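Take a look at the letters that make up each chain.
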Amino acid sequence: MQDLSIIRDLNLPDSYIAAGYIRNYIWDVLHDFPERTPLNDIDVVYYNPDELDEENEKTYEQKLKRETGNSLWSVKNQARMHIKNGDQPYHSIEDALSQWPETATAIGVKLENDNRVSVVCPYGLEDIFEFRVKKSPLFKDEGHYRYRVNQKNWKGLWPKLEIY
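Residue numbers restart at each chain and count upward from 1, following the sequence in its written direction. Selection of residues for local features in this predicted model requires a pLDDT of at least 70, selection of side-chain atom pairs for listing and counting requires 80 or more, and totals for whole chains, interfaces and linings are taken over all residues. Think of the side-chain values as coming from all heavy atoms in the structure, minus any hydrogens and water.

1. Brief notes about a nonpolar patch on the surface
- Residues M1, V117, V119, L125 and F129 make up a contiguous nonpolar surface patch of about 450 Å² in total accessible area.
- By the element assignment, L125 lies in the loop between β5 (117-120) and α6 (126-129). Surface patches are defined over residues having more than 30% relative accessible area and no salt bridge, joining like charges when they lie within 9 Å and nonpolar side chains (Val, Leu, Ile, Met, Phe, Trp, Tyr) when within 5 Å. The Shrake-Rupley method, run with a 1.4 Å probe, gives the accessible areas here. Residue values count only the displayed protein chains as cover. Whenever Lys or Arg places a side-chain nitrogen within 4 Å of a carboxyl oxygen from Asp or Glu, that contact is recorded as a salt bridge. Starting at the N terminus, helices and strands are each numbered in turn, a helix being any DSSP run of H or I of at least four residues and a strand any DSSP run of E of at least two.

This is the structure in C-alpha cells:
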C-alpha cells in the first residue's frame with residue numbers, strides 16, 4: 001500500500017504498479033511463503049501520449065529512487081512502448097498490457113485518490129490465482145515467451161504453477 005501511495009502521489013496519468021511486483025506477491029502469498037521472493041525491478045506503467053520522451057521516465061525513476069532509497073524502480077510510458085515492441089500504437093494501459101508476454105503478468109494495480117484499489121487486467125485474474133502461466137493471445141513471439149518462462153525459473157520458485 002505504501003508503494004501504491006507513492007505512485008499515486010507522482011500524479012502520472014493512468015499509472016499502475018504492474019507485472020512481477022503484483023504477480024510474484026500473489027504467488028508468494030498463495031504458496032504460503034513467509035517472505036517475498038526478491039524482485040528484479042518494480043514496474044510502474046502509465047499512459048501519456050503527449051509525453052513520449054524517454055528522459056521523462058528516467059526523471060520519474062530517479063525521483064522514486066531518491067524518495068524511497070530503493071534502486072529497483074522502472075518507469076515506462078506505455079504510449080511509447082509500441083515502438084520498442086514493434087507493435088501498432090497502444091491506445092490505453094489495458095491495450096498495452098494485453099500485448100505483454102503472459103496473462104499472469106498483464107496485471108496492474110493502483111491506489112485511487114479515495115484509497116480504493118483499482119486493477120487493470122485485460123485477461124482477468126483467473127490464471128494468476130489458478131497458478132496458470134500462459135502466453136497472452138496478442139503476444140506474437142512464442143519462442144521468446146518460452147525462453148522467458150524458462151529463464152525466470154518460475155516453476156522452480158513456485159512449484160504449484162502449471163506452464164502452458
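2. Brief notes about the packing of aromatic side chains
- Between rings of Phe, Tyr and Trp, where Trp is taken as its six-membered ring, a pair exists when centres lie within 6.5 Å; planes separated by under 30 degrees are stacked, by over 60 edge-to-face, and by other angles tilted. According to the stated counting rule, one finds three aromatic pairs in the structure shown.
- Aromatic side chains W27 and W154 sit 5.8 Å apart centroid to centroid with 70° between the ring planes, which places their arrangement in the edge-to-face category. Taken together, the positions of W27 in helix α2 (residues 20-30) and W154 in helix α8 (residues 154-157) put the pair 127 residues apart, joining distant regions of the chain. In this structure, W27 and W154 share a single accessibility class: buried.
- Ring plane angle 85° and centroid distance 5.8 Å describe the contact between Y46 and Y60, whose orientation is recorded as edge-to-face. Of this pair, Y46 sits in strand β2 (residues 42-46) while Y60 sits in helix α3 (residues 54-68), placing them 14 residues apart in sequence. Residue Y46 shares its accessibility class with Y60, and that shared class is buried.
- Feature note: the residues W27, W154 and W158 constitute an aromatic cluster, connected by ring pairs. A 1.4 Å probe rolled over the protein chains alone gives each residue an accessible area, and that area as a share of the maximum for its type sets the label: buried under 20%, exposed over 50%, partly exposed in between.

Geometric descriptors of this kind do not, in isolation, establish any biological role.
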